Amino acid sequence: MPRSVRRLIACATAGVLWAGGLGAAATAAQVAVAAAPAAALDNGLALTPPMGFNDWNAFGCDVSEQLIEQTADYLVSSGLKDDGYTYVNIDDCWQTHTRDADGRLVPDPAKFPDGIKGTADYVHAKGLKLGIYEDAGTATCAGYPGSLGHEATDAQSLADWGVDYLKYDNCNNQSDGTQADYVARYTAMRDALKATGRPIVFSLCEWGVNDPWQWAGDVGNSWRTTGDINDSWSSMLGIAKANMPLGADSGPGRWNDPDMLEVGNGGMTDTEYRTHFSLWSVMDAPLLIGTDLRKATPQTLAILGNKDVIALNQDPLGSAATVISSDTSAGTYVLSKKLADGGRAVALFNSADTAQHISTTAEAAGLPRRASYAVRDLWSHTDYDSAGTLAATVPAHGTVLLRVGASAAGGAAALRDPALLDTGVSHAPDHLEPGASATVDTYATDLGALPATGLHVSLDAPAGWTVKAAGATGTPLLLKGRTFATPWTVTAPTGTAQGTYPLSGTVSYDPPGGRKQVSVPLAGSVTVEVPPPSGTSYLSDLDWVTATNGWGPVERDQSNGETAAGDGHPLTIGGTVFAKGLGAHAPSTVTYYLGGGCSTVTATVGVDDEKDGKGTVEFEVTADGRQVADSGVLTNADGPTPLAADVTGAQQVQLIVTDGGDGNDSDHADWADAQVTCS
């Protein structure tokens, strides 16, 4: 499980409510919980979501005055300051392990030779603001002095140093687990900050444990809604899904915080980072950069500096996006965000591993009925006209982000801008085997109020593949609402590895008024699946089709390490070490393509010893959706358990791990010696 969840378990069992004066505060907090929260904390701050930098995601405890000052320099020189990135925030590990003789926090003199005051002065001289980290417990998450019982002293120190933002964590909290205690601890620091007279943004970091969106509106300027993010698609996706339903609980001065940005840290693709930034922006999340800006690539800076997307996040209305439609089986979502100018931001979000078609309308997004709508694609920075439909085939893990407004009388957008086209690849096969061919169709549908003219389509596949048009690739006129389709024969070369391969191309057409031709991308994908060789093979030596996991990736020939690939240990069940197998973490599903030529799957299963006897899981095997083996609920005490499944004739097999019905804490599940036998 992630660090934040481990923190929670440790903190929740650490002891009883701190006895140094929280009794009265807790009683008051119970009353506060019962009452409706105020509209927002009355400090007049964070009327739009805070933007800036925090060192933790990229540096952990390796923080220093030099890093903070160099980051401030770069925010200015790169133009990110002008884009709205204002706060330069220091996270944990900035202080010494003991307070001074007067009970005050002491900045580490090796890390901050000029103290926090000197660092703040430097940052302020750049026209920026300084943030810092503390904890609502007896110690921070890294073991430095916490502020529980020292709120007034610590708040005054921050004010004296010139701090502008406080991230207030939840480790070592001595809590009894009640909401009243959480409210009391965070309210104590809120009041202490207010008493200093200095304007300090207050960011609660209690990990969403006690539903802070329900009570923290008049306690903090933002509150974490989830556990810690890490630089992986699965982490970002899980956090986004948890935060998306909470939009109605945020607004100016009080924001849902799904944790800091991972954009640029290398664990996701640029497509995934654009989705990350798009979702955080429309959800009105604080935009806190978490990468080393001194080494940021042009692609990273282009994402972080996208003014069109930032404008959605900083829209003064402060109305976070809501999900207006979704297809969870396909992994698609449509989000709409109301804007101060009366328009809407619309996100077509594809969480699936393959391209998906997503569609909505301007009316469904909340706009009045009109004959024409002005549409701006915020990643291509291109303006279009739509008669009302908003649709696209969205690449795997991608997001199409649109700003939509009703056109002026007379359909000004239709006369000025090219028609919005819905383009993509349709009717692709479920999969190809290497050396095989299939027919796919490209399509272009005119969503505008006027026709598109001079339309031409092209399609490309990966190097070594062949693509041949099997029909016309252009049309002189595409009327409103009509679709132009072209069939193509696509061939995967012999020896192609298993995986999903992109198909990409362009649709070119003429805008109104004879202006320069417009080109828009079209996207799709084809999956190549490779059957196992004849004989018996270890599954860890084969490529799977898909793999999902509770924490971290599924591992080959080692246990699950919860975070990054390769961070596990030797597979060990009941003291027996296995050289081969798969290390998973419930809930987990690993899918293999069999192609109808295999007969049995076998494994020795169990909970890995590395969790010291903790963990409860159940192993299942399904063949083409039909369950063919079930281990029953197992704990580590059950030791290595043999499992065999008849998969004769199956096209696919799935290795499934559930949490045994009690949550997935410590559910490290090993498919030791997992093998498949094929003819």
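So, here's what we can say about the structure. Everything numeric in this text was worked out from a predicted model, so none of it was measured.

Reading the values: the criteria
Residues numbered from 1 in each chain as written. Predicted model: local features only at pLDDT ≥ 70, side-chain atom pairs only at ≥ 80, totals over all residues. Heavy atoms only, no water. Helix = DSSP H or I, 4+ residues; strand = E, 2+ residues; numbered from the N terminus. Rg over C-alpha atoms; globule rule 2.2 N^0.38 Å. Buried < 20%, exposed > 50% of the residue type's maximum accessible area, 1.4 Å probe, protein only. Contact = heavy atoms within 4.5 Å. Areas by Shrake-Rupley, 256 points an atom, 1.4 Å probe, with all protein chains shown as cover. Lys, Arg positive; Asp, Glu negative; His and termini not counted. Charge placed at Lys NZ, Arg CZ, Asp CG, Glu CD. Pairing = 2+ DSSP bridges. Axes fitted to C-alpha atoms, helices over the stretch in contact; angles between N-to-C directions. Expected span 1.5 Å × (residues − 1). Disulfide = S-S within 2.5 Å. Salt bridge = Lys/Arg side-chain N within 4 Å of Asp/Glu carboxyl O. Core = buried A, V, L, I, M, F, W, Y, C linked by side-chain atoms within 4.5 Å.

**Quick look at the overall build of the chain**
- Tallying secondary structure elements over the chain gives 13 helices and 37 strands in all.
- Compactness check: the chain gives a C-alpha radius of gyration of 27 Å against a globular reference of 26 Å for 679 residues, within 12% of the reference.
- With respect to the three principal axes, the spread of C-alpha positions in the chain is 80 × 75 × 45 Å.
- By the burial criterion, 54% of the 679 residues in the chain qualify as buried.
- A separation of at least 24 residues holds for 72% of the contacts in the chain among residues at least 6 apart in sequence.
- About 25,200 Å² of surface is accessible on the chain, with carbon and sulfur atoms providing 52% of the total.
- Charge separation in the chain, taken as the distance between the mean sites of 40 positive and 78 negative side-chain charges, equals 10 Å.

**Re the sheet that holds strand S17 (residues 421–426)**
- One open sheet accounts for 4 strands, arranged S17-S18-S22-S20; its pairing is antiparallel. The two strands at the open ends of the sheet, each matched to only one other strand, are S17 and strand S20 (466–469). Direction aside, neighbouring strands of the sheet carry axes that sit 25 degrees apart on average.
- Relative to strand S22 (residues 483–491), S20 runs antiparallel, the two sharing 4 bridges. Residue pairing in the sheet places Lys 468 in a bridge with Thr 489 of S22.

**Some remarks on helix H10 (residues 270–282)**
- The end-to-end C-alpha separation of H10 is 18 Å, in line with the 18 Å expected for 13 residues at 1.5 Å each.
- When you tally the buried positions in H10, you get 10 out of 13 residues, the bulk of the element.
- If you check which residues of H10 are buried, you get Glu 272, Tyr 273, Thr 275, His 276, Phe 277, Ser 278, Leu 279, Trp 280, Ser 281 and Val 282.
- A positive backbone phi angle near 60 degrees is found at Asp 284, which sits one or two residues after H10.

**Notes on the pairing of strand S10 (residues 332–338)**
- Extensive coverage of S10 is indicated by the burial of 6 of its 7 residues.
- The loop that links strand S9 (residues 322–327) with its antiparallel partner S10 comprises 4 residues; one of these, Gly 331, has a positive phi angle of about 80 degrees.
- Pairing geometry for S10 and strand S11 (residues 344–350), over 7 bridges, is antiparallel. Bridging from a neighbouring strand, Val 334 pairs with Leu 348 of S11.

**Re the sheet that holds strand S21 (residues 474–478)**
- Pairing within the open sheet is antiparallel, and its 4 strands lie in the order S21-S19-S23-S24. One side of each edge strand has no neighbouring strand; the edge strands of this open sheet are S21 and strand S24 (518–528). On average, each strand axis in the sheet is inclined to that of its neighbour by 25 degrees, with strand direction left out of account.
- Bridge analysis of strand S19 (residues 452–460) against strand S23 (residues 499–510) gives 6 bridges, and the strand direction is antiparallel.

**A word on the state of the cysteines**
- This model, assessed by the stated rule, comprises 3 disulfides.
- The disulfide partner of Cys 141 is Cys 171, and the gap between their sulfur atoms is 2.1 Å. Judged by the sign of its S-S torsion, about 95 degrees, the bond between Cys 141 and Cys 171 is right-handed. With Cys 141 in the loop between strand S3 (129–135) and helix H7 (151–161) and Cys 171 in the loop between strand S4 (165–169) and helix H8 (179–196), the pair connects residues that are 30 residues apart, well separated along the chain.
- With relative accessibility at 26%, the residue Cys 141 sits in the partly exposed group.
- Look at the chain and number its bonded cysteines as they come in the sequence; the links are 1-2, 3-4, 5-6.
- For the unlinked cysteine Cys 205, the closest cysteine sulfur is that of Cys 141, found at 7.2 Å.
- The buried category is assigned to Cys 205, whose relative accessible area is 1%.

**Side note on the pattern of salt bridges**
- Summed over the entire model, instances satisfying the criterion amount to 24 salt bridges.
- Notably, a salt bridge pairs Asp 292 with Arg 294, separated by 3.0 Å at the nearest N-O pair.
- Accessibility expressed as a relative area gives 11% for Asp 292, which makes it buried.
- A relative accessible area of 38% means that Arg 294 is categorised as partly exposed.
- Two residues, Asp 557 and Lys 580, come together in a salt bridge whose shortest N-O distance is 3.1 Å. Of this pair, Asp 557 sits in the loop between strand S27 (555–556) and strand S28 (571–573) while Lys 580 is found in the loop between strand S29 (576–578) and strand S30 (581–585), placing the two residues 23 residues apart along the sequence.
- Take Asp 557: its relative accessible area is 26%, and that puts it in the partly exposed class.
- Salt bridges here are not isolated pairs; linked through shared partners, they connect Asp 100, Asp 102 and Arg 104.

**As for the pairing of strand S32 (residues 598–607)**
- When you tally the buried positions in S32, you get 7 out of 10 residues, the bulk of the element.
- Where S32 lies against strand S37 (residues 668–678), 8 bridges are found, and the strand directions are antiparallel. Following the sheet pairing, Cys 598 is matched in S37 by Cys 678.
- Bridge count between S32 and strand S35 (residues 641–646): 6 bridges; the pairing is antiparallel. Bridged to Ala 603 within S35 is Leu 643.

**Brief notes about the nonpolar core**
- Ranked by internal contacts, the top residues of the largest apolar core, which has 81 residues, are Tyr 85, Phe 202, Phe 277 and Trp 280.
- Ranked by residue count, the leading element in this core is H8, at 6 residues.
- With near-sequence residues (within four places) excluded, Phe 277 lies in contact with Tyr 85, Leu 261, Leu 287, Ile 303, Leu 304, Val 309, Ile 310 and Trp 379.

**Describing H8**
- Taking 1.5 Å per residue as the helical rise, H8 with its 18 residues ought to reach 26 Å, and the 26 Å between its terminal C-alpha atoms agrees with that figure.
- If you check which residues of H8 are buried, you get Ala 180, Asp 181, Tyr 182, Val 183, Ala 184, Arg 185, Tyr 186, Thr 187, Met 189, Ala 192, Leu 193 and Thr 196.
- The positive-phi residue at the C-terminal boundary of H8 is Gly 197, with phi of around 85 degrees.

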